[in-house]
Amino acid sequence: MNSLPIDSTLCLIQGVAAAIALAKAKDQGTKILCGVLLAIDVAFAFGPYIGLEIKGTLAQVSCAAMAIIGVFAAIRVQNPILATLFVVSGCLLELMALGVVRGTMHV
């Protein structure tokens, strides 16, 4: 049985938090941020399994976008647990994409 790479796991954690925040959001700004974050997370997490290759610079830009949008979404979300999941998973993904933190990535 194959295990999930750590980047897919972090994307799924951030994606689940984004889906919960999207369902609970009351204003349009939070819904848009969480929707965009969820779309990027799903594309990055399931891309290799559906034939979408995200490598190199595109992977770094995607991880940077997830980290930045995660911070902005964390500011707008009222739940501190979801905010923590946004920031921590986004920042870890970016650090992994830059090569600062080692882990098994599919990129």
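Residues numbered from 1 in each chain as written. Predicted model: local features only at pLDDT ≥ 70, side-chain atom pairs only at ≥ 80, totals over all residues. Heavy atoms only, no water.

Peer 1: I'd like a description of the pattern of salt bridges, backed by residues and values.
Peer 2: By the definition in use, this model includes two salt bridges. Here lysine 55 makes a salt bridge to glutamate 53, at a shortest N to O gap of 3.7 Å. This pair shows no difference in class: lysine 55 is exposed, exactly as glutamate 53 is. (Salt bridge = Lys/Arg side-chain N within 4 Å of Asp/Glu carboxyl O. Buried < 20%, exposed > 50% of the residue type's maximum accessible area, 1.4 Å probe, protein only.)

Peer 1: Could you give an account of a nonpolar patch on the surface, naming the residues involved and the relevant values?
Peer 2: Together, Leu4, Val42, Phe46, Tyr49, Ile50 and Leu52 line one region of the surface with nonpolar side chains, adding up to about 590 Å² of accessible area. Position of phenylalanine 46 relative to the elements: it lies in helix H2 (residues 28–50). Owing to a relative accessible area of 37%, phenylalanine 46 belongs among the partly exposed residues under this scheme. (Patch = residues over 30% accessible without salt bridge, like charges linked within 9 Å, V, L, I, M, F, W, Y side chains within 5 Å. Areas by Shrake-Rupley, 256 points an atom, 1.4 Å probe, with all protein chains shown as cover. Helix = DSSP H or I, 4+ residues; strand = E, 2+ residues; numbered from the N terminus.)

Peer 1: Quick rundown of the packing of helix H3 (residues 57–76) against helix H4 (residues 80–98)? Include the residues and the values.
Peer 2: Their axes nearest at 8 Å, the elements H3 and H4 cross at an angle of 160°. The pairing of H3 with H4 is recorded here as roughly antiparallel in orientation. For H3 against H4, the interelement crossing comes out left-handed. The segment H3 lies against H4, with Ala59, Gln60, Cys63, Ala64, Met66, Ala67, Gly70, Val71, Ala73 and Ala74 engaging Ala83, Phe86, Val87, Gly90, Cys91, Leu93, Glu94, Ala97 and Leu98. Looking at the contact of H3 with H4 residue by residue, the class counts come to 15 nonpolar, three polar and one charged. (Axes fitted to C-alpha atoms, helices over the stretch in contact; angles between N-to-C directions. Parallel < 35°, antiparallel > 145°, perpendicular 65-115°, else oblique. Left-handed = near helix turned anticlockwise from the far one by under 90°. Contact = heavy atoms within 4.5 Å. Nonpolar A, V, L, I, M, F, W, Y, C, P; charged D, E, K, R; others polar.)

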